[in-house]
Amino acid sequence: MSNLSKVSKDWWKESAVGIPKLITTEIPGPKSKIMHANTIRYMKGLSSQVKLFPVCFEEGHGITLTDVDGNKYLDFSSGIYVTSLGHCHPKISEAVAHWAKKLMNAHDFTTPVKEKLMEKMASVLPGKLNAIQLYSDGTSAVEAALRAARAISDKHEFISGYRDFHGKSMGAVSCAQMWRGETHSYGPTRAPGFYMVPRPDPYRPLWTKADGTIDTDAYINFYETFLKEGTVGNVAAFVLEPAQGWGGSIFPPEDFFPKLKIFCEKHNILLYDDEVLAGMGRTGEWLTLSHWGVTPDIVTFGKSFGNGFPVTAMVVREENGEALEKISASSSYGGNPMACAAALASIEVIEEEDILQNVRTVGEFFIKRMTKMKEQHPILGDVKGKGFLLGIELVKDKKTKEPFEEAGKLVYQKAFRKGLAWVPAGHILRMSPPLIMDEKYASMGMDIIEDAITEVEKEFGYK
Ligand SMILES: Cc1ncc(COP(=O)(O)O)c(C=O)c1O
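Keep in mind that what you see is a predicted model, and the values were worked out from it rather than measured.

Reading guide: rules and limits
Residues numbered from 1 in each chain as written. Predicted model: local features only at pLDDT ≥ 70, side-chain atom pairs only at ≥ 80, totals over all residues. Helix = DSSP H or I, 4+ residues; strand = E, 2+ residues; numbered from the N terminus. Rg over C-alpha atoms; globule rule 2.2 N^0.38 Å. Pairing = 2+ DSSP bridges. Axes fitted to C-alpha atoms, helices over the stretch in contact; angles between N-to-C directions. Domains from an automatic or database assignment. Contact = placed C-beta atoms within 7 Å. Near = placed C-beta within 6 Å. Nonpolar A, V, L, I, M, F, W, Y, C, P; charged D, E, K, R; others polar. Parallel < 35°, antiparallel > 145°, perpendicular 65-115°, else oblique. Left-handed = near helix turned anticlockwise from the far one by under 90°. Buried ≥ 20, exposed ≤ 12 C-beta atoms within 10 Å, placed from the backbone. Expected span 1.5 Å × (residues − 1).

## A short note on the overall build of the chain
- Looking only at helices and strands, the chain has 14 helices and 14 strands in total.
- Taken over C-alpha atoms, the radius of gyration comes to 22 Å for the chain, in line with the 23 Å a tight globule of 463 residues would show.
- When its C-alpha atoms are laid out on the principal axes, the chain stretches across 60 × 60 × 45 Å.

## Section: the sheet that holds strand 12 (residues 389-394)
- Strand order in the open sheet formed by 3 strands is 11-12-14, with antiparallel pairing between adjacent strands. In this open sheet, the two strands that pair with only one neighbour each are strand 11 (380-386) and strand 14 (428-431). For this sheet the average axis-to-axis angle between neighbouring strands, irrespective of direction, equals 15 degrees.
- Two strands pair when backbone bridges link them, and strand 11 and strand 12 are joined in this way by 6 bridges, in the antiparallel orientation. Note on strand 12: the bridge partner recorded for L380 is L394.

## Regarding the sheet that holds strand 13 (residues 420-421)
- Strands sit in the order 1-2-3-13 across an open sheet of 4 strands; the sheet is mixed. Only two strands of the sheet have a single partner each, and these edge strands are strand 1 (57-61) and strand 13.
- Relative to strand 3 (residues 72-75), strand 2 (residues 64-67) runs antiparallel, the two being bridged by 3 bridges. Bridge pairing in strand 3 links T64 to L74.

## Some words on the domain arrangement of the chain
- By the assigned domains, the chain splits into domain 1 (13-85 + 354-382 + 411-459) and domain 2 (90-352).
- Every contact between the two is made by 15 residues of domain 1 and, on the other side, 18 residues of domain 2.
- Secondary structure elements with two or more residues in the side of domain 1 that touches domain 2: helix 4 (78-81), helix 12 (355-376) and strand 14.
- Per-element accounting of the side of domain 1 that touches domain 2 gives the leading share, 5 residues, to helix 12.

## Concerning the site of the ligand
- The environment of the ligand is made up of 14 residues, and the closest members are G138, T139, G167, V276 and L277.
- Top element by residues in the shell around the ligand is helix 7 (residues 138-153). It accounts for 3 residues.
- When its residues are assigned to classes, the shell around the ligand shows 5 nonpolar, 6 polar and 3 charged.

## What to know about the packing of helix 9 (residues 216-230) against helix 10 (residues 256-266)
- Helix 10 packs onto helix 9 with a crossing angle of 25 degrees between their chain directions and a minimal axis gap of 10 Å. It follows that helix 9 is roughly parallel to helix 10 by the angle criterion. Handedness of the helix 9/helix 10 crossing: right-handed. Contact residues: helix 9 offers T216, I220 and Y223, while helix 10 offers F256, K259, L260 and F263.

## Re the environment of G171
- Within the fold, G171 resides in helix 8 (residues 170-174).
- Between the C-alpha atom of G171 and that of R41, which follows or precedes it by 130 residues, the distance is 32 Å.
- Dropping the residues within four chain positions of it, G171 is found in contact with E143, L146 and A191.

## Observations regarding the environment of H377
- As for its position among the elements, H377 is in the loop between helix 12 and strand 11.
- Assessed through the 19 C-beta atoms surrounding it within 10 Å, H377 is described here as partly exposed.
- Excluding its chain neighbours within four sequence positions, the residues that come into contact with H377 are I453 and E457.

## Quick word on helix 14 (residues 439-459)
- With 21 residues, helix 14 should reach 30 Å at 1.5 Å per residue; the first-to-last C-alpha distance of 30 Å fits that figure.
- Listed in full, the buried residues belonging to helix 14 are Y441, A442, G445, M446, I448, I449, E450, A452, I453 and V456.

## Some thoughts on the environment of F109
- For F109, the location among the structural elements is in the loop between helix 5 (90-102) and helix 6 (112-124).
- Taking C-alpha positions, F109 is 9.0 Å from G335, a pair spaced 226 residues apart along the chain.

## Remarks on helix 11 (residues 337-352)
- Spanning 16 residues, helix 11 covers 22 Å between terminal C-alpha atoms, matching the ideal 22 Å at 1.5 Å per step.
- D354, located one to two residues past helix 11, shows a positive phi value of around 50 degrees.

## Some details on the pairing of strand 10 (residues 312-317)
- A large share of strand 10 lies buried, amounting to 5 of its 6 residues.
- Two strands pair when backbone bridges link them, and strand 4 (residues 129-135) and strand 10 are joined in this way by 6 bridges, in the antiparallel orientation. Across the sheet, the residue bridging to Y135 is T312, located in strand 10.
- For strand 9 (residues 298-301) and strand 10, the ladder comprises 4 bridges, and the chain directions are antiparallel. Bridge pairing in strand 10 links V299 to V315.

## Thoughts on the packing of helix 12 against helix 14
- Closest axis-to-axis distance for the helix 12/helix 14 pair is 10 Å, and the angle between their directions is 25 degrees. Accordingly, the angle class assigned to the pair helix 12 and helix 14 is roughly parallel. The two elements helix 12 and helix 14 meet at a crossing, and its hand is right-handed. Between helix 12, through V362, F365, F366, R369 and M373, and helix 14, the contact on the second element is made entirely by E439, A442, S443, M446 and E450.
- When its residues are assigned to classes, the contact of helix 12 with helix 14 shows 6 nonpolar, 1 polar and 3 charged.

## Quick look at the pairing of strand 9
- Residues I298 and T300 line one face of strand 9 and the alternating positions V299 and F301 line the opposite face, and both faces are buried.
- Pairing analysis gives 3 bridges linking strand 8 (residues 270-274) to strand 9, with the strands arranged parallel. Looking across to strand 9, one finds that D273 is bridged to V299.

Pasting the structure below:
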């Protein structure tokens, strides 16, 4: 891709000058209202963040989103953990446009850009993670990973963790927690041979040591028992997000994955690490699991992987590459030239702009700032995250830790109205800013969130 134009690291800064810039009296503005009403006459099943704030976007550039009324927002969402290198990064857009004009699809055949992407991926991924297949959405990559796990291990059961999310198809939903505390007779149910077990949440631990801290050994001991009593002894893989995105930006304690890896090796169980949300730099490493020195047997990437172009990947260790021959691995769109160009350009941008370092540095700023906020706000029960995968948990009372859903929704709406485009809220406010963001805009976003929290606290009579 070396023939692409050279882009300055600061390419996004000019369009960010003066944001947030709100010009209509009401937000969402009049054009948004009409356009949204026209759309929902036909389009159904929208997600909660849209229902709570039905704005219509027209343009995105770097860390700035512009709606159809001309209001400009600071982006703390990256689409939905997707446009991690900023909206319409010039290098990535140019790479996609090049192939959009030259060759859009050649199915499974090799193309020059696919050759380069394969080499690039093998060079950045740890260990021998270099047997690769490409897809066009995270769920398809997850499905393929489940098939691959069965082919590699010749076993058929799967264990995943409470509150994990892996997609919405039958296989993916079988290892995901879709309905929390709700009853749905029409939603997808789990397939046989799929089990869920508790995984450590430091703020809400199930098992603690005498000093009150979370007891990761107790979780592993439970898995030992569960293997004997709850399965038929045929477990192909442990399927886990390295840190839970939808579950609420929940990171396990440092020692959990190293212990789980030992457990998996002892029982000849594959460790499948679903990095669709957390991977490709969002936490300051290519793989979030690398923070804890663990290399998985299978990994999936999505979202940030193509910075907005739908391209995802499933990767297994070199010695297991043959298994991909047995699972009918390919798909119609996976690995098309535009997709390969987007993924390759995204990886190159991460390297050229030293994005991982930015994520680590600004990520530390985020944690410090959120920790300070926690001390000052009675409804702020917990702050969590690493790099740019962040969460703030709202509670009614810090002692009882009762989730404060109503406050979560209100804070989300108020901050949006103040010009912050961000991720939906239950009682855990989630943030996934573009990884190019510097401290100035990180601070601006946190100021908006803190103002919104303060207002909501007042409304609920806290201060
Ligand atoms: C960890 C994880 N796996 C898989 C998926 C499914 O990806 P997609 O929505 O692209 O199908 C998601 C989506 O949010 C995810 O967060």
